[in-house]
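Read off the chains here:
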Amino acid sequence: MSPPASVDAYIATFPPEIRLILERIRQVAREVAPQAEERISYGMPALFQDGVLVYYAAFKQHIGLYPPVADDALKPLLARYAGPKGNLKFPLHEPIPYELVARVVSARRDFNAARLRERGAA
């Protein structure tokens, strides 16, 4: 199966209740990073700004959010959602913590910007 051509096409493949969650994650991420480029990468919706900000995907039992977050202040809040490699798994049988999703995108945006500044100073 070939990857979807767009984020809209990806989201359209899911049942209505999952589409609502994916659209809300998309909206929250875009509010935090309005200048990020949206695309499909590794077959998932992704946002890029100075590198990858976040990938998100729907699975049978959860919504996945990637990559792992290095922000120490967020780690205690994310611990209950951490998957085996530090990626986040939000169970579908629980309310999705959209505010936490926003904080993850914000932390990744700030991390990427800092990394870019460090490279420029080197």
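Predicted, not measured: the structure shown is a model, and the values here were computed from it.

Calculation rules
- Residues numbered from 1 in each chain as written.
- Predicted model: local features only at pLDDT ≥ 70, side-chain atom pairs only at ≥ 80, totals over all residues.
- Heavy atoms only, no water.
- Helix = DSSP H or I, 4+ residues; strand = E, 2+ residues; numbered from the N terminus.
- Rg over C-alpha atoms; globule rule 2.2 N^0.38 Å.
- Buried < 20%, exposed > 50% of the residue type's maximum accessible area, 1.4 Å probe, protein only.
- Contact = heavy atoms within 4.5 Å.
- Lys, Arg positive; Asp, Glu negative; His and termini not counted.
- Charge placed at Lys NZ, Arg CZ, Asp CG, Glu CD.
- Pairing = 2+ DSSP bridges.
- Axes fitted to C-alpha atoms, helices over the stretch in contact; angles between N-to-C directions.
- Core = buried A, V, L, I, M, F, W, Y, C linked by side-chain atoms within 4.5 Å.
- Salt bridge = Lys/Arg side-chain N within 4 Å of Asp/Glu carboxyl O.

Participant: Looking at this model, I keep getting lost on the overall build of the chain. Mind explaining?
Facilitator: In terms of helices and strands, the chain carries 4 helices and 5 strands. Listing each helix as α and each strand as β along the chain from the N terminus yields α-α-β-β-β-β-α-β-α. Here the chain has a C-alpha radius of gyration of 14 Å; the compact-globule value for 122 residues is 14 Å, and the two agree. Dimensions of the chain, computed from C-alpha atoms along their principal axes, come out at roughly 45 × 35 × 25 Å. In the chain, which comprises 122 residues, the proportion classed as buried is 43%. Relative to all contacts within the chain whose residues are 6 or more apart in sequence, the contacts with residues 24 or more apart total 49%. Once the 16 positive and 13 negative side-chain charges of the chain are each reduced to a mean point, those two points are 5 Å apart.

Participant: Would you explain the pairing of strand E1 (residues 37-41) in this entry?
Facilitator: It is a general feature of regular strands that their side chains alternate between the two faces of the sheet. Pairing geometry for E1 and strand E2 (residues 44-48), over 5 bridges, is antiparallel. Bridge assignment links glutamate 37 to a residue of E2, and that residue is phenylalanine 48. The antiparallel pairing of E1 with E2 creates a hairpin that spans 2 residues between the two strands, and tyrosine 42 there sits at a positive phi of about 55°.

Participant: Hey, could you run me through the sheet that holds E2 in this one?
Facilitator: The sheet built from 5 strands is open, its strands ordered E1-E2-E3-E4-E5 with antiparallel pairing. One side of each edge strand has no neighbouring strand; the edge strands of this open sheet are E1 and strand E5 (88-91). Across this sheet, the average inter-strand angle for adjacent strands is 25°, counted without regard to direction. Of the strand pairs in this sheet, strand E4 (residues 62-66) and E5 are connected by 4 bridges, and their pairing is antiparallel. Considered in E5, the bridge of histidine 62 is made with proline 91.

Participant: Looking at this structure, how should I read the side chain of asparagine 87?
Facilitator: Structurally, the position occupied by asparagine 87 is in the loop between helix H3 (75-78) and E5. Taking relative accessible area as the criterion, asparagine 87 reaches 18% and is therefore assigned buried. Leave out the neighbours within four places in its chain, and asparagine 87 touches Leu65, Tyr66, Pro67, Pro68, Tyr81 and Ala82.

Participant: Explain the nonpolar core here, please?
Facilitator: Note that soluble globular proteins tend to have their nonpolar side chains buried in a common cluster. By size, the foremost hydrophobic cluster in this structure holds 40 residues, and its most contacted members are Leu22, Ile63, Leu65 and Phe90. Listed by contribution, the elements that provide at least two residues to this core are helix H1 (7-12), helix H2 (16-32), E2, strand E3 (52-58), E4, E5 and helix H4 (98-121). Excluding anything up to four places from it in sequence, phenylalanine 90 contacts Gln61, His62, Ile63, Leu65, Tyr81, Ile96, Pro97 and Val101.

Participant: Before we go on, may I ask you to explain the pattern of salt bridges in this structure?
Facilitator: Pairing is possible between side chains of opposite charge, provided their charged atoms come close. Under the criterion given, the structure shown has 7 salt bridges. Across the salt bridge formed by arginine 39 and glutamate 37, the nearest N and O atoms sit 3.2 Å from each other. Residue glutamate 94 is joined to arginine 80 by a salt bridge in which the shortest nitrogen-to-oxygen separation is 2.9 Å. Of this pair, glutamate 94 sits in the loop between E5 and H4 while arginine 80 sits in the loop between H3 and E5, and the two are 14 residues apart along the sequence.

These figures come from the coordinates and say nothing about function on their own.
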